[in-house]
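Examining the three-dimensional arrangement
Next come the chains, spelled out residue by residue.
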Amino acid sequence: MATSELYSKHARVWLPHAEEVWKPAELLKDYSPGDLTLCLQLEDGTKVEHKIDPKTNDLLPLRNPNILVGENDLTALSYLHEPAVLHNLKVRFIDSKLIYTYCGIVLVAINPYESLPIYEADIINAYSGQNMGDMDPHIFAVAEEAYKQMARDERNQSIIVSGESGAGKTVSAKYAMRYFATVSCSSGEANVEERVLASNPIMEALGNAKTTRNDNSSRFGKYIEIGFDKKHCIIGANMRTYLLEKSRVVFQAQSERNYHIFYQLCASSHLPEFKTFKLGCAEDFHYTNQGQSPVIDGVDDAKEMCNTRKAFSLLGVGDGDQMEIYQILSAILHLSNVEVKEQTADRCSIVPDNVHLLVFSELMGVSREDMAHWLCHKKLKTTTETYVKPMSKMNALNGRDALAKHVYARLFSWIVDSVNVALKSTVKQRSFIGVLDIYGFETFEINSFEQFCINYANEKLQQQFNMHVFKLEQEEYMKEEIPWTLIDFYDNQPCINLIEAKLGVLDLLDEECKMPKGSDDTWAQKLYNTLLKQNAHFDKPRLSNAAFIIHHFADKVEYQCVGFLEKNKDTVNEEQINVLKKSKFNLLLKLFEDDDKTSTSPKKKTGTSGRVGPTQKDNRKTVGLQFRQSLHLLMGTLNATTPHYVRCIKPNDHKAPFTLDPVRAVQQLRACGILETIRISAAGFPSRWTYQEFFNRYRVLMKQKDALPDRKQTCKNLLEKLIQDEEKYQFGKNKIFFRAGQVAYLEKLRSDKLRMACVRIQKTIRCFLARKKYLRMRESAIIIQKHVRGHQARCYVKFLRQTSAAVIIQRNVRMWAQRRRYQQQRSAAIAIQSLWRTYVAREKYYKMMFEKRTVVIQKWVRGWLARRRCRRVLAAVVLLQSCVRRMRARVELKKLKVDARSVEHFKKLNVGMENKILQLQHKINEQHRENRELSERMSAVTKTLTTDRDKQYREIENIRKLEQEARTKVEKLPSLLEQLTFLQHELEVTRKEKDDLEEQTNKYKEQTQQVVDELNMKNNTLKSNIDELNQQILEQDQQLTDIKTNNENTKQLEKNLAEERSRYQSLLSEHLHLEERHKDLKEEMDFSVSSRKLSHKRTDSNYSSNSSEFSESLCSTGDEDISPPPEDETKAAVDLPILLKLQRRVTELEQDKQSLLEQLDNKEEAQQEKAKEVEKQNSVGRVELDLETLKRQELENENKKLKQDLNKLRKSLTSENSDAAPPTPGSQPYSILLDQLSSSNEELEMRKEEVLLLRSHMVRQEALKHKDSALGEVVSLDLSEIPSFQDVNRSTDIHTLNEDGELWLAYEGLKETNRILECQMREQEHTHSEKLKKLSEEVNKLKDEKEQQQKLFAQNLLLPEDARIEASLEHEITRLTKENLELLEDGESQDKTIRKLKKQLKFYQKKVEDYEASLQQRYTASMMDTPVRTVQITRKEKEYQGMLKYKQGEENRLLKNLVTDLKPRGVAVSFTPGLPAYIIFMCLRYADSVNNDQRVSDLLNSTISSIKGVIKRKGNDFDVVSFWLANMCRLMHCLKQYSGDEVYMKHNTAKQNEQCLSNFELSEYQQVFGDLAIQIYRQLIKCLEDILQPVIVASMLEHNNVQGVLGSIPTGLRKKRSSVSEEDAVTVEVLLQRLSLFHSIMSQHGMDPELIKQVVRQQYYIVCAVTLNNLLLRKDMCSWGKGLQIRFNVWQLEEWLTERELTDCGAADTLEPLRQVAQLLQIKKKTEADAQAICTMCTALTTAQIVKVLTLYTPVMEFEERVPTSFITTIKTLLKDRVEPSTLMMDTKKIFSVTLQFTPSCVALETIQIPASLNLGFLSRI
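First things first, this report covers the structure right here in the doc. (Residues numbered from 1 in each chain as written. Predicted model: local features only at pLDDT ≥ 70, side-chain atom pairs only at ≥ 80, totals over all residues. Heavy atoms only, no water.)

All right, on to a negative patch on the surface then. A surface patch of negative charge is lined by Glu993, Asp995, Asp996, Glu998 and Glu999. Among the structural elements, Glu999 can be located in helix α30 (residues 973-1093). (Patch = residues over 30% accessible without salt bridge, like charges linked within 9 Å, V, L, I, M, F, W, Y side chains within 5 Å. Areas by Shrake-Rupley, 256 points an atom, 1.4 Å probe, with all protein chains shown as cover. Salt bridge = Lys/Arg side-chain N within 4 Å of Asp/Glu carboxyl O. Lys, Arg positive; Asp, Glu negative; His and termini not counted. Charge placed at Lys NZ, Arg CZ, Asp CG, Glu CD. Helix = DSSP H or I, 4+ residues; strand = E, 2+ residues; numbered from the N terminus.)

What follows is the structure, encoded as structure tokens:
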């Protein structure tokens, strides 16, 4: 496609920016060819226009798709350019906290300025043996690749580490060397790796210093060659250094330091051995105080000095040599403080009593006067005379500094040579890996000679790098056989020629140095005249005549000519050197030995010419020439090796952790050649896909009919349709090669296709939903219209009826209203008249009554008022009393509440006492309730009294009214008087009632007071009880605290015991390893001695006879009285040939004896077999019936099982609920299965009939055959017990018919048949009920799913469209995944069941046939033989004692046959488990019975040494190790079981207790055997780990079990694609098969079940640790789909445990980290609530692991999103208080402490027989 088509609307591009270098933007409209501007929108919404240059028409670089951002390899990016590289590095470094990234063959390392936990030993183990592209980028991956290529290709390797100061070159080189030292083993020489690594602290102390850019900057270049032998083990190393910065010795810039060694000396000046150096603080010396920064944060110089001294000691530099080195360094410091006083302008002097000069002279062993003289003077030589000329102060100081630099440089070179001597090996070097730690391209404001040399070296390295990259690209194209054209790349050979060619910069510099009056200015003029117009890479600054510019590959650099000549000459006053040569200091003389050698050679050549001085001067090499020669030597070495490149990047100048400055990063990317690598890759075919990966990724772009079986042809057809330009891609043999940008174009097509598919799905779903909604609304509208119209009609009819009724009602109502109005008016008039008349009469009466009865009323009222006042006072007194009592009661109540609260803990501990308290409280509550009832009653009485008073008030008012009426009505006075008397009587009655109520109230108060007193008494008793209970509670609390303390102490002791056990076992393994090493060395030494003295070699026969020193020590500790005879040993050592001949003779005699014994045994066995045959013939009649009965029962059981299995098979094949579809009716499989089932049913029916007939026939034969014998009597008795046919009078025919019991037999057969039919009926009912149950469960499940679908649909309707579609898609994906998993599980289970049932069916059929044939044979034999009564003579069986007799000295023969030559595979299958252990113990019992301590010790020690030898030779064979672990445990258990200890005897039988050891106590040997068992256990775990290690990652992570879930993304050059087919892929089934194999082998060997559980737990831990460690180091494994795969694999492992009933062994718990990692990969990671859920869920993962997984999380599919940095920060904040180890990786070498529990044996020793295959005929049972 055209390039302009990619610049469409919404296309993402990179816009140049001044500060950020590149800024992301998006096109607002399509670009058309010819447009002069691009309309862009930045991420912050700003709209800008970018002008296009009409001449070049260069467009902005395009951005890569989001799925490619953050790739491990920059070459995997579709668009390869500067902004893409910078953005990818920024995302990985800042967002993902990943400092390593591949760029083709280059590893880009960014300095994090922070300590990261990614360099531990477990990380090294994780990268060891892995392919470079399989793991995340790391320096260890580069080191592993170099090591692997060296071992595979037998070619030397080089690792080139470059970068500017502060980028981390030294650290990277150090970690690469550490990796080599860890993964390779030492060869012959001890501590080779440690010595190689020990050179690092020495070189850092002497060659590293603090600069403004780096606290530990290497101020020299070094190339370290690490040598390996033919076994690829480190044997030594060699170091070459380049261009030490000597000027730093005498000058440091602000905030910088001198070399570390000076500050380390000053920090250690207080030590006694340094007192003679007279040092002080670093601020006291001129060479260490110029930078004014003597201390580095976080660095202890005194501690570093200790590390330096240790490193010197490790390299073999003695304390005396070290003190001499420190003495010279101290002298340099004192030399810096030598003050020079100016006398005149050309003359200076040094004070004679200068302290520092005196110390310098003493330390260096030179004359103080001579040194003081030549520091201020110099010697000038001519052809005839020699002059001594004084120097100015400035020249004297420069001479002093030159001397210090020269001495330090010589000392540095001498130390490097000493290190090389220490690292040199005597073994021949087969190959080497070189590590080059060299300075990167440098450019400063002022650049001098050092920068010129550094940039010259980088030019050479860049040329070599470009050639190598170009070569690899072309090799890849040739390998894939694709047409290619020559890639044009930048060639910096012209720049190199400018520097090093004839008449180049260095040549002119050396020529100017030879001139007598040469200066920097004249050299600059020569450069201008010679190079300015001839070389395009050379230029002259406009404003300077003392500088020049060179156009390097990275940038143009301006060099100042000042100081070039002086630095190139590196001159020093020769007289000062001569003074030093006169020193008596040995080390100082060694430093200048080279000068003496070079000075003697010219003298011999010149003869008598006498011109020595000029010859030496002419022959001295300049610094530039030396550097050029060493650089050529280095390039020759690198060209002869396979290079590996590490480019270190400094992210910022402020040393801020994980902060990237784009400007500085781009500068370094250009300088180190990364962008050049990208340009070369982009010029070719940077994107490479295998055909299968391309098909899997872009199959969405093709139709179903386009997918052919040939993937290659399918991909070709697709690309021809998608990309018209054939030059944009090429087809290789295994890969498709794409030009830059084509993968992004394909990704765009893929995303557009997926987007269109999503739009189509959305359109269809929305149409369906809209139509469904419309139809529902239409139907609802019709229904509403129908009901509304009916309602309106009914309302209209109702309105008409109401109108007609209203007219009638109005008529009647109006008539009624008029009539009622008239009647009301009439009655009102009459009422008014009567009321008025009544009122007038009443007024008259009231007036008369008021005047007459006023006095009477006043009397009564005043009396009533007085009584009321009295009652009020009495009520107030009572109220006051009640208030006081209430206050006291509240105080008491508070006390009771306080007491009640203190009893809460006692309530929890004493349930019974709490019940009592509750009962008392209940009683109190009842009393309170009664009190409340009484108070309520009292208040009710009071209310009644008040109502009575109110009544009386009303009555009084009525009386007043009556009196008034009486006054008006005088004539009615008598009647009123009667009423008054009546009222008075009622008042008296009321008073009496009131008095009664008052009495009752007083009584109630008295009763209440009594109740209160009683309650107070009860409360007091309760208080006393509570006090007693509190005392008991305190006592119980004390007891509980004591118990808790004891429990805690017990737990702590158990924890300490477990830790001590694990520590003991680790120490035991180390001890045994050292013991084996010692034994090997001893054997090698003995072998070498014997090979020198004797002419023969030791045979294998005497290997097991020599016990180890450890065994001898055990023998000596076992019994103090036993002392091994030294004379016999010395004699055996002396007469070794005679001893060997005797051993051969004894062996031959033993073989002859064994053959004779075998012949004798064969004869005896033949005689015994004959006797047995006779005995069998005699007893055939007696035994035959029992045998037939047993066979019949067994046959019936087998038939029943067979029928049940057939029923199960029928169910499984015809089950309606099975997921696997059954064969369709009419198909061939269906008919075959039906035939098999019908034939099986018929055969079963026949077998059942045959069983019935066989039973009847057997009983009849029994009655006929043994009628006269004892058996016949028994049978006759059995027949007589049948009452049905003998006790009842029957006819003669029936009696005759039943003579043999045939009817009884038929009746029994009928009953058996009925029982079988009933069982079948019950089984059918059971199956029917199960079917109904399953159907109901399925119906309920469908209902639940329907409800869930309805709820989900309702919820989705409430969501917006985008969220609704996303939620529905997620739900559908989850549902389909779940269904797929269920279908897979059901299918697998059905397949397993069918296979199992078929196997059982065949087995049972074969078994039935065998039984049928055997029964038929026995039946015919019994019919032919006639019963004969014979007299049987039986042999009395021997009673064995469970011991094996052997002769003294046969231990070696016994152990050779039983241990050394034994093959466990045959023993485990055919013999008793633990048979060797039983045989050895039975021999031990014999030695114990004869009371021979020598035999016991020899047997046990020989056993230990033999088993150790077998484990040592065959330690990698799982069968062997498992077999001897089981036998070792069994032998240890036998020693305990038969030791006579009561703890173990309680598990024995009486016979076993009789067989206990009687003469020796072997408890110490029990410990020895336990230790040996632990050693074998650890070897077993190591063997398991070696076997499982290669398949764990492939099965648990790499293989995709869940098809269709995981996606794929493009990868770079480093990724090695797996070419393994699906059939050969390593799946989880392979891992489970190996686990099953291990479990079956251990079970066959008879290993203890608890020990098997511990082994399985350790296996699962190894699986978890290896899987998790690899996942943490692989970015491509951290995705949603991979989490699903891990969960599925973990579930399969758990199912394996369930199948083997090992769920209680703790193995499933070891998989918890994997479960949580899988959940972490699948859980939502957006909000703070998600972070809380993650923190709560991931309890088995450390914070570092959680953060690492979230950081590495990589989207593979379109619906995944990256984890935001803010979310990771939230996780860190939530987990900051968690107390846990800070390690990232799990310890794969961790071995749980093993517990060897005592397991008694139920095997009787006397029943054990020795198989003949073991060749143990010399043993005899007693």
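Among the surface-exposed residues, Lys703, Lys705, Lys753, Arg760 and Lys763 lie close enough to one another that they form a single positively charged patch. The residue Lys753 is located in helix α27 (residues 742-902) in this model.

Its 17 residues place the ends of helix α48 (residues 1628-1644) 24 Å apart at the C-alpha level, agreeing with the 24 Å of an ideal helix rising 1.5 Å per residue. Here α48 has its buried residues at Val1628, Leu1631, Leu1632, Leu1635, Ser1636, Phe1638, His1639, Ile1641 and Met1642. Structurally, α48 contributes buried residues whose contacts are with α44 (1518-1537), α47 (1563-1598), α49 (1649-1672) and α50 (1680-1699). Of the residues one or two after α48, Gly1646 is the one with positive phi, at around 75°. (Expected span 1.5 Å × (residues − 1). Buried < 20%, exposed > 50% of the residue type's maximum accessible area, 1.4 Å probe, protein only. Contact = heavy atoms within 4.5 Å.)

Strand order in the open sheet formed by 7 strands is β5-β6-β20-β7-β16-β10-β11, with mixed pairing between adjacent strands. If you trace the sheet from one side to the other, it starts and ends with β5 (100-103) and β11 (234-242), each paired once. Taking the axes of each pair of neighbouring strands and ignoring which way they run, one obtains an average angle of 20° across the sheet. The sheet contact formed by β5 and strand β6 (residues 106-110) spans 4 bridges and is antiparallel. Looking at the pairing, Cys103 lines up with Val106 of β6. Set on the sheet, helix α2 (residues 82-95) makes contact with β5 and β6; between it and β5 the angle comes to about 155°. On top of the sheet, helix α5 (residues 169-183) reaches β7 (157-163), β10 (221-228), β11, β16 (431-439) and β20 (642-649); it is set at about 165° to β16, its chief contact. (Pairing = 2+ DSSP bridges. Axes fitted to C-alpha atoms, helices over the stretch in contact; angles between N-to-C directions.)

With that out of the way, let us pick up the packing of α49 against α50. Remark: α49 packs on α50, axes separated minimally by 12 Å, with the N-to-C direction vectors making an angle of 175°. On the basis of the axis angle, α49 is roughly antiparallel to α50. Together, Val1656, Tyr1660, Val1663 and Leu1671 of α49 and Ile1686, Leu1693, Trp1696 and Leu1697 of α50 make up the contact between the two elements. (Parallel < 35°, antiparallel > 145°, perpendicular 65-115°, else oblique.)

What follows concerns the packing of aromatic side chains. Applying the stated criterion across every chain yields a total of 40 aromatic pairs. When the centroid spacing of 6.5 Å and the interplanar angle of 70° are considered together, the rings of Tyr127 and Phe140 count as edge-to-face. Of the two residues, Tyr127 sits in helix α3 (residues 121-127) while Phe140 sits in helix α4 (residues 139-153), which places them 13 residues apart along the sequence. The class of Phe140 is buried, set by a relative accessible area of 0%. Measuring from ring centre to ring centre gives 5.2 Å for Tyr1661 and Phe1792, while their planes differ by 70°; the resulting arrangement is edge-to-face. Residue Tyr1661 is found in helix α49, and its partner Phe1792 is found in the loop between α55 (1765-1774) and β25 (1820-1821); the two are separated by 131 residues along the sequence. Both residues of the pair, Tyr1661 and Phe1792, count as buried. Sitting above the plane of the Phe658 ring, Lys97 keeps its charged end 5.4 Å from the centroid. Above the ring of Phe465, the side-chain terminus of Arg647 is found at 4.9 Å from the ring centroid. (Phe/Tyr/Trp six-rings, centres within 6.5 Å; stacked < 30°, edge-to-face > 60°. Lys NZ or Arg CZ within 6 Å of the ring centre and 35° of its normal.)

Within the open sheet, the 4 strands sit side by side as β1-β2-β3-β4. Their pairing is antiparallel. A single partner strand is all that each edge strand has here, and the edge strands are β1 (12-17) and β4 (47-51). Put simply, the sheet's adjacent strands are angled 50° from each other on average, direction ignored. Alignment of strand β2 (residues 21-27) against strand β3 (residues 37-42), held across 3 bridges, turns out to be antiparallel. Following the sheet pairing, Ala25 is matched in β3 by Leu42. Contacts from α2 reach β1 and β2 within the one sheet, and its direction differs from that of β2 by about 105°.

For the rest of this paragraph, the subject is a nonpolar patch on the surface. Judged by side-chain polarity, Tyr796, Val797, Phe799 and Leu800 come together as a nonpolar surface patch covering roughly 410 Å² of accessible area. For Phe799, the location among the structural elements is in helix α27.

Here strand β14 (residues 377-381) runs beside strand β15 (residues 386-390); their pairing, made up of 5 bridges, is antiparallel. Across the sheet, residue Lys379 finds its bridge partner in β15, namely Val388. Hairpin geometry of β14 and β15 is characterised by an intervening segment of 4 residues between the two adjacent antiparallel strands.

Read these as spatial facts, not as claims about activity.
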